[in-house]
Protein chains: 2
Amino acid sequence: MVASPVVNTYPLSSYSFGTKEPKMEKDTSVADRLARMKLNYMKEGMRTSVEAILLVQEHNHPHILLLQIGNTFCKLPGGRLKPGENEVEGLKRKLSSKLAANSPNMQPNWQIGECVAVWWRPNFETIMYPYCPPHISKPKECKKLYVVHLSEREYFAVPKNLKLLAVPLFELYDNVQRYGPVISTIPQQLSRFQFNMISG
Amino acid sequence: MVASPVVNTYPLSSYSFGTKEPKMEKDTSVADRLARMKLNYMKEGMRTSVEAILLVQEHNHPHILLLQIGNTFCKLPGGRLKPGENEVEGLKRKLSSKLAANSPNMQPNWQIGECVAVWWRPNFETIMYPYCPPHISKPKECKKLYVVHLSEREYFAVPKNLKLLAVPLFELYDNVQRYGPVISTIPQQLSRFQFNMISG
C-alpha cells in the first residue's frame, strides 16, 4: 500500500482567539484591485501569492479556518510575496500579519507543509485556472495553497474587521457559489491526506 | 522555494495504438451495478478501486487518456482490487487488462506515481465525496486516483468496444456535466505538479 501523508488535527476548542487592530483591504472594489495588480505587474512582473489551509477538527470532521470580510466574502489567510521572497518564509510572514499577536514572543509555530494546489491568473481579470492556459506566455499571477500543520495549542489574534470561521469540508464541497472555485475544491485537494484527528 | 513534483509528458504521437477483444461492462444499468456492489460488499466488505491518470501532451498542454464507452460516458482506466490486493500491483493488473496487448512481452512500463485523490461512497448510491462524510462508519467504496508516469514510447491495445481519448485539462476543468465530479476536478488535483513537456 502507498502511504498517505498525515495531518494531525486538533479540536477547535484547543485554540484560543483574541483580536487585534483592523487589517483593512487595500482596495475597495474589484476594479481597484485589478488596477493595482496591473500597476504592480508593470513594476515587479508576475505576482506570486501564497495562502494557507489551516486545519482543525470538530465532530470528527476536518474544518478549515477562513477569514470572513463583511457578511459574505471568505478568504484563506495569506497574501502576496515580495519580489524574490521565499514562499515558505513569505507565507509565515503573511500568517503572522493576519493571525498572530503583535508580540514576537507570541507567534504560532507555523509549520508550512505540502503545496496542494497552484492557480494561475492569465489576465488582469478575476478568473483563475488550475493550469496555465495554452497560449498564455505571461501569466499575471500564480497563487499557491499550502497545508499548514498547526500545533496542539496556539493563540490567534484576529484583526477586528475580520471574522475567523472554522468551516467543515462538507460545507465547502461543491459550493462554488458561496466560496468560489479555489476554496470550494480544497476538499478534493485534501482527499489524499489521512487526517489523524486527535481529541481534546 | 518548495519543489513541485515533476511529471514528464510526451506527445500523443509518440504512442501507438491498436485494438483487442472487447471488454464489456459487467452491468448494463446503474441499478444492476449498485445491486452487484451490494452483493460484493456482503461477501468482501468495502470495495477498494484504483484508477490511473495517464498523461500525454499536445500543443504544449497536458492531456489525460480516458476510455469512452458508447457516445458519452468517459472513465479512467482502472477498476476494483481483489480483497487484500496491493494497490500498486492491482492498478498495474487493471491497466494491463484494459490497455495492454495480450502478450506478456508487450506490457507497457506502468510506473505508478502519486496518489492525487481519494473518493468515498457512503451508500449503495452513485454519489461519492472527497472525504468520508461524518457519521458514516461503514463506507461502501474507497476509490483512489494515481498519476501513472508513462515512458516515452508505448503500445496500447484498446478493447474494440471502447475508444481511448486524449482530453486536455482545459476541457475537463469546470465541466462536471460532461465528466462527473471525479474526472472534472483532476485539473485542480494536478495543479501542484510541474509538467515537463518533452517534444517529439
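What comes next is a walk through the structure. As the structure is a prediction and not an experimental result, all values here were calculated from the model. Counting restarts for each chain, with residues numbered from 1 along the sequence as it is written. Key to labels: chains lettered from A, ligands numbered from 1, both in the order written. Totals for whole chains, interfaces and linings use all residues, but because this is a predicted model, local features are given only for residues with pLDDT of at least 70 and pairs of side-chain atoms are given and counted only at 80 or more. The basis for the side-chain values is all heavy atoms of the structure; hydrogens and waters are excluded.

1. Things to note about the overall build of chain A
Then step 1. A run of DSSP states H or I qualifies as a helix once it reaches four residues; a run of E qualifies as a strand once it reaches two. Both are numbered from the N-terminal end. Each helix and strand counted, chain A has five helices and eleven strands in total.
Then step 2. Its C-alpha atoms give chain A a radius of gyration of 17 Å, within 12% of the compact-globule value 16 Å for 200 residues.
Then step 3. If one aligns the C-alpha atoms of chain A with their principal axes, the spans along those axes are about 50 × 45 × 30 Å.
Then step 4. A burial count over chain A gives 53% of its 200 residues as buried.
Then step 5. A fraction of 74% describes how many contacts in chain A between residues 6 or more apart in sequence connect residues 24 or more apart.
Then step 6. Summed over its atoms, the accessible surface of chain A is roughly 9,400 Å², and 52% of this surface lies on carbon and sulfur atoms.
Then step 7. For chain A, the distance from the average site of its 25 positive side-chain charges to the average site of its 17 negative ones is 6 Å. The reference for a compact globule is 2.2 Å times residues^0.38; the radius of gyration itself is calculated from the C-alpha atoms. Residue exposure (1.4 Å probe, protein chains only): buried if accessible area is under 20% of the type maximum, exposed if over 50%, otherwise partly exposed. In this analysis, two residues are considered to be in contact whenever any of their non-hydrogen atoms come within 4.5 Å of each other. Each accessible area is a Shrake-Rupley estimate made with a 1.4 Å probe; only the visible protein chains count as cover when residues are assessed. Charge convention: Lys and Arg are scored as positive, Asp and Glu as negative, and His as well as the terminal groups of each chain are ignored. Where a charge sits is defined by one atom per residue type, namely NZ (Lys), CZ (Arg), CG (Asp) or CD (Glu).

2. Side note on the relation of the copies chain A and chain B
Then step 1. In superposing the copies, a least-squares fit is computed on C-alpha atoms, taking residues whose pLDDT is at least 70 in both. Aligned on chain B, chain A shows an RMSD of 0.0 Å; the corresponding rotation is 180° and the shift along the axis is 0.0 Å. The superposition operator between the copies reduces to a two-fold rotation axis. Distance from the rotation axis, computed per C-alpha, reaches its smallest value in chain A at Gln189 of chain A: 2.8 Å.

3. A few points about the interface of chain A and chain B
Then step 1. Of the residues lining the interface, 29 residues belong to chain A; the matching set on chain B comes to 29 residues.
Then step 2. Once two parts are put together, the accessible area they lose, assessed with a 1.4 Å probe and summed over both, is termed the buried area. Taken over both partners, the interface formed by chain A and chain B buries close to 2,600 Å², and the fraction arising from carbon and sulfur atoms is 63%.
Then step 3. What counts as a salt bridge is simple: a side-chain nitrogen of Lys or Arg found within 4 Å of a carboxyl oxygen of Asp or Glu. Our count for the contact surface shared by chain A and chain B stands at zero salt bridges.
Then step 4. Here a polar contact is taken to be a pair of N or O atoms separated by no more than 3.5 Å, where protein atoms must pair a possible hydrogen donor with a possible acceptor and residues adjacent in sequence count only if both atoms sit in side chains. If you look at where chain A meets chain B, you find two residue pairs in polar contact (both at pLDDT 80 or more).
Then step 5. Looking at the side of chain A that touches chain B, the elements that each hand over two or more residues are α2 (87-99), β7 (111-121), α3 (169-172) and α5 (186-190) of chain A.
Then step 6. When residues of the side of chain A that touches chain B are assigned to their parent elements, the largest contribution, five residues, is made by β7 of chain A.
Then step 7. Here the side of chain A that touches chain B is built from residues that sort into 20 nonpolar, six polar and three charged. Any residue that is not Ala, Val, Leu, Ile, Met, Phe, Trp, Tyr, Cys, Pro, Asp, Glu, Lys or Arg is counted as polar, Gly included; the first ten are nonpolar and the last four charged.

4. A word on the side chain of Lys98 of chain A
Then step 1. Positionally, Lys98 of chain A belongs in helix α2.
Then step 2. Notably, Lys98 of chain A is buried but unbridged: the nearest opposite-charge side chain belongs to Glu25 of chain A, and the N-O separation is 5.9 Å.

5. Focus: empty space enclosed by the protein
Then step 1. Both cavities and pockets are sets of points on a 1 Å grid over the protein atoms alone; in a cavity a 1.4 Å probe fits but cannot get out, in a pocket the set is open with protein on both sides within 12 Å along at least five of seven lines, and lining residues sit with an atom within 4 Å of a point. Grid points are joined across faces, edges and corners, and a volume is the space filled by probe spheres set on the points. Using the criterion set out here, one finds one cavity of 30 Å³ or more in the structure.
Then step 2. Size it by volume and the largest cavity reaches roughly 30 Å³.
Then step 3. Lining the largest cavity, in full, are Val116, Gln189 and Arg192 of chain A together with Val116, Gln189 and Arg192 of chain B.

6. Notes on the pairing of strand β3 (residues 47-58) of chain A
All names here are of chain A.
Then step 1. Among the twelve residues in β3, ten count as buried, and that is most of the element.
Then step 2. Being paired, for any two strands, means DSSP has found at least two bridges between them. Where β3 lies against strand β6 (residues 78-80), three bridges are found, and the strand directions are antiparallel. Paired with Val50 across the bridge in β6 is Gly79.
Then step 3. Both β3 and strand β4 (residues 61-69) contribute to a ladder of four bridges, which runs antiparallel. Residue pairing in the sheet places Gln57 in a bridge with Pro62 of β4.
Then step 4. Hairpin connection of β3 to β4: two residues between the antiparallel strands, including His59 at a positive phi of 50°.

7. So, the environment of Asn8 of chain B
All names here are of chain B.
Then step 1. Mapping Asn8 onto the fold places it in strand β1 (residues 6-9).
Then step 2. A residue is classified by how much of its surface remains accessible, and Asn8, at 31% relative accessible area, is partly exposed.
Then step 3. The spacing of Asn8 and Glu58 is 50 residues in sequence and 13 Å in space, taken between C-alpha atoms.
Then step 4. Beyond its immediate chain neighbours, meaning those up to four positions away, Asn8 contacts Asn196 and Ile198.

8. A closer look at the packing of aromatic side chains
Residues and elements named next belong to chain A.
Then step 1. Here a Phe, Tyr or Trp ring, Trp counted by its six-membered ring, pairs with any other such ring whose centre lies within 6.5 Å, and the pair is stacked when the planes are under 30 degrees apart, edge-to-face when over 60, and tilted otherwise. Applying the stated criterion across every chain yields a total of 16 aromatic pairs over all chains.
Then step 2. Counted as over-ring charges are cases with an Arg CZ or a Lys NZ within 6 Å of the ring centre that also lie within 35 degrees of the ring normal. Seen from the ring of Tyr41, Lys140 lies directly overhead, with NZ or CZ sitting 5.3 Å from the centre.
Then step 3. Between Arg178 and the ring centre of Tyr179, over which it is positioned, the NZ or CZ distance is 4.8 Å.

9. What about the state of the cysteines?
Then step 1. By definition, disulfides here are pairs of cysteine sulfur atoms that lie within 2.5 Å. Under the criterion given, the structure shown has zero disulfides over all chains.
Then step 2. No disulfide involves Cys132 of chain A; its sulfur sits 8.7 Å from the nearest other cysteine sulfur, which is in Cys142 of chain A.
Then step 3. For Cys132 of chain A, a relative accessible area of 27% translates into the label partly exposed.
Then step 4. Free of any disulfide, Cys115 of chain B has its nearest cysteine sulfur in Cys142 of chain B, 8.3 Å distant.
Then step 5. Owing to a relative accessible area of 15%, Cys115 of chain B belongs among the buried residues under this scheme.

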